Amino acid sequence: MLNRRLFLSGAAALSFAPAAGLRAQGTGPTLTVGVRSGPESIDPHWSTLGGHIEALRHVFDSLIFQDENLALKPGLATSWRPVDDTTWEFKLREGVRFHDGSPFTAEDVKFSLDRIPEVTGPMSMVLYTKRAKSSRVVDPLTIHVTTDGPAPTLPNDFTRLMIVPKKIGMAPRNEQFNSGEAAIGTGPFKFVRWEPRGDLVVERFDGWWGGQQPWARVIRREIPNDAARIAALKSGQVDLVNYVPATDVAALQRDSTMDVVIGDSVYVFNVYFSLAERLPKPVKVDGREIEANPFRDLRVRTAFDLATDRRALARVVYEGFAKPMSQLMPDGFFGSSPNLPERRPDLNRARALLAEAGYPRGLEVDFFATNNRLPGDAALCEALAQQWSRVGIKANPNAVTGTVFFPASTRGDYSLQMSGWGTLTGEAAYTYAAMIHAPDPAQGFGNFNRSGYNNPEVNRLLAEAVRTLDDNRRRALFIQATDISMNERPMLPIVMPQTIWAMGKGKLSFTPRVDQETLGQLISRR
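So, a few notes on the structure that sits alongside this text. Please read all numbers here as calculations on a predicted model, not as lab measurements.

1. Some details on the overall build of the protein chain
1) Next: Counting secondary structure elements, the protein chain contains 15 helices and 25 strands.
2) Next: Taking the principal axes of the C-alpha coordinates as reference, the protein chain spans close to 70 × 60 × 40 Å.
3) Next: Residues classed as buried in the protein chain amount to 60% of the 526 residues present.
4) Next: Within the protein chain, counting contacts between residues at least 6 apart in sequence, those at least 24 apart form 71% of the total.
5) Next: Summed over all atoms, the accessible surface of the protein chain reaches about 19,600 Å², with 48% contributed by carbon and sulfur.
6) Next: Placing the 62 positive and 58 negative side-chain charges of the protein chain at their respective mean positions leaves the two points 3 Å apart.

Here is the structure:
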């Protein structure tokens, strides 16, 4: 597991003086959090994006919870066990009620499982339910889930399974969730209102099974601009902000009115090459578009890799608050490989490989990334383009909003792109089956394979691994698949940034999570 670090200006631990400036609201105080991005909808099955899931965890509960290091904890399910090789039994929490007062039962779990494939959001939640072939209600507090084969990591996937009540039916449209009509959860807060790109407002649900929250109301204010978010904190408009730019950390730590918290993350920035025969956006050589796809040549992909100085990116873009990466997951996660050394730049070798591949004067390509999702995404995009230019690669950086980037990425519009991915279940099946296995809708593999990579041997290893119950054998299969795929470079892992929060001094107690989630129910007053 990751080694988490906390840095607090003027404090040795997360222990603060009593809150003084938090705004009162009705029967208790209001917590206002400035966030870089918010939900895409109020439908919890609409998108897999971290900011979407994080926001809706206030209203909806998942079947299984995770602690700050992603260890599994009881949620709406109190226990789970395999009944046989293809059946998991989940025992549900007694006495839970939805916000409208109706009881939570196994019928609601079955309904949520059945509903997810029917929701046509921008990034399908089927990623988390693909192994579930069917489900059967045994009694009001017991459900059996039949899988498409042995599924040892099903409980990990169900940490993202948000439960909605069966009574809403399959018909509710996105608008009915956004208005609040269908936004009925079992979570610690009830939905009040949401303005896209603005505020999500929730109020305390006194009947929550997890105990009463200290906040009468939580406001999540979407402020994409980093400088504006920090300014809102300093002016007292918000109580806490996420995704503090690394360049602001030193100044905030010197500020006697601020506390800063820094934690490790599981999000890795990866560069994706399109391996299609014809690129969606052609590459230029000597100023002219060419029909061939140079990224299908391993020598070209390796040249990009050797032109990348990950240590410099971690130092310059992230002020040292990032780690160079050579694979898609943090070290120590289940299935991570011990065989992949740190990748170091070699500009002469990169130029030689481009020349061998037929591009002695380099090439030109448009390079896309987000500018409002994860810390430093736009700056990293530009810095990579500058590094690659040293070997004759002209990558035109285009950092766009997530609402533009992700639909275009899903459509296959980009020849070269970068985005962050977090292994949110703490094990390799989640990442490699989704991003490295060839797209296979029938088996639910390759949902997020944006490169088109298709290695039959890697596919075989991954398909066997996700159905292998023996931990040692499963780990070995994942390591083999990791070693092959990372050396073939359909994707280039770049860096894993740490996550930085800031808050008014002496007001809040907050433990960072490696999934970067900022949850009102886990923030308390001091």
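2. Digging into the sheet that holds strand 6 (residues 87-92)
1) Next: Spatially, the four strands line up as an open sheet ordered 5-6-8-7, and their pairing is antiparallel. Looking along the sheet, the strands with just one partner apiece sit at the ends: strand 5 (77-84) and strand 7 (132-139). With strand direction ignored, the average angle separating the axes of adjacent strands in the sheet is 20°.
2) Next: Sheet topology note: the strand 6/strand 8 (residues 142-147) ladder contains five bridges and is antiparallel. Bridge pairing in strand 8 links Phe90 to Ile143.
3) Next: Running over the sheet, helix 2 (residues 106-115) touches strand 6, strand 7 and strand 8 and is turned about 165° from strand 7.

3. Some remarks on the pairing of strand 20 (residues 416-422)
1) Next: Of all seven residues that make up strand 20, seven are buried, and the element is covered over most of its length.
2) Next: The alternating pattern of strand 20 places Leu416, Met418, Gly420 and Gly422 and Gln417, Ser419 and Trp421 on opposite faces, both of which are buried.
3) Next: Direction of pairing for strand 14 (residues 267-273) relative to strand 20: antiparallel, over a ladder of seven bridges. Residue pairing for strand 20: Val268 is matched across the bridge by Trp421.
4) Next: Judged from the two bridges that link them, strand 18 (residues 363-370) and strand 20 form a sheet pairing that is parallel.

4. Looking at the packing of helix 14 (residues 456-465) against helix 15 (residues 471-488)
Each pair of packed helices can be summarised by the angle the axes make with each other and by the distance between the axes.
1) Next: Where helix 14 contacts helix 15, the axes come no closer than 9 Å and their chain directions differ by 155°. Judged by the inter-axis angle, helix 14 sits roughly antiparallel to helix 15. In the packing of helix 14 onto helix 15, the handedness of the crossing is left-handed. Of the residues in helix 15, those touching helix 14 at Glu457, Val458, Leu461, Leu462, Glu464 and Ala465 are Arg473, Arg474, Leu477, Phe478, Gln480, Ala481, Ile484 and Ser485.
2) Next: Classifying every residue of the contact of helix 14 with helix 15 gives eight nonpolar, two polar and four charged.

5. Re helix 2
1) Next: Within helix 2, seven of the 10 residues are buried, which leaves the element mostly enclosed by the surrounding structure.
2) Next: Within helix 2, burial applies to Ala106, Asp108, Val109, Phe111, Ser112, Leu113 and Arg115.
3) Next: The elements touched by buried residues of helix 2 are strand 6, helix 3 (126-129), strand 7, strand 8 and helix 5 (174-178).

6. Description of the pairing of strand 10 (residues 199-204)
Both faces of the sheet carry side chains from a regular strand, because those side chains alternate between them.
1) Next: Relative to strand 10, strand 9 (residues 189-194) runs antiparallel, the two being bridged by five bridges. When the bridges of strand 10 are listed, Arg193 appears paired with Val201.
2) Next: The antiparallel pairing of strand 9 with strand 10 creates a hairpin that spans four residues between the two strands, and Arg197 there sits at a positive phi of about 65°.
3) Next: Pairing of strand 10 with strand 11 (residues 217-222) involves five bridges; the strand directions are antiparallel. Paired with Leu200 across the two strands is Arg220, which belongs to strand 11.

7. Re the pattern of salt bridges
1) Next: The final tally for this structure, using the stated rule, is 38 salt bridges.
2) Next: Measuring nitrogen to oxygen at the nearest pair gives 3.6 Å for the salt bridge that ties Arg217 to Glu203. Here the residue Arg217 occupies a position in strand 11, and Glu203 occupies one in strand 10, the gap between them amounting to 14 residues.
3) Next: On the basis of relative accessible area, Arg217 is assigned to the buried category, the value being 16%.
4) Next: The exposure class of Glu203 is partly exposed, given its relative accessible area of 29%.
5) Next: The salt bridge partner of Arg460 is Glu464, with a shortest N-O separation of 3.2 Å. Residue Arg460 and its partner Glu464 are both found in helix 14; the two are separated by four residues, about one turn of the helix.
6) Next: Given a relative accessible area of 41%, Arg460 falls into the partly exposed group.
7) Next: Taking relative accessible area as the criterion, Glu464 reaches 28% and is therefore assigned partly exposed.
8) Next: When salt bridges that share partners are traced, they join Arg57, Arg160, Arg513, Asp515 and Glu517 into one network.

Parameters and conventions
- Residues numbered from 1 in each chain as written.
- Predicted model: local features only at pLDDT ≥ 70, side-chain atom pairs only at ≥ 80, totals over all residues.
- Heavy atoms only, no water.
- Helix = DSSP H or I, 4+ residues; strand = E, 2+ residues; numbered from the N terminus.
- Buried < 20%, exposed > 50% of the residue type's maximum accessible area, 1.4 Å probe, protein only.
- Contact = heavy atoms within 4.5 Å.
- Areas by Shrake-Rupley, 256 points an atom, 1.4 Å probe, with all protein chains shown as cover.
- Lys, Arg positive; Asp, Glu negative; His and termini not counted.
- Charge placed at Lys NZ, Arg CZ, Asp CG, Glu CD.
- Pairing = 2+ DSSP bridges.
- Axes fitted to C-alpha atoms, helices over the stretch in contact; angles between N-to-C directions.
- Parallel < 35°, antiparallel > 145°, perpendicular 65-115°, else oblique.
- Left-handed = near helix turned anticlockwise from the far one by under 90°.
- Nonpolar A, V, L, I, M, F, W, Y, C, P; charged D, E, K, R; others polar.
- Salt bridge = Lys/Arg side-chain N within 4 Å of Asp/Glu carboxyl O.

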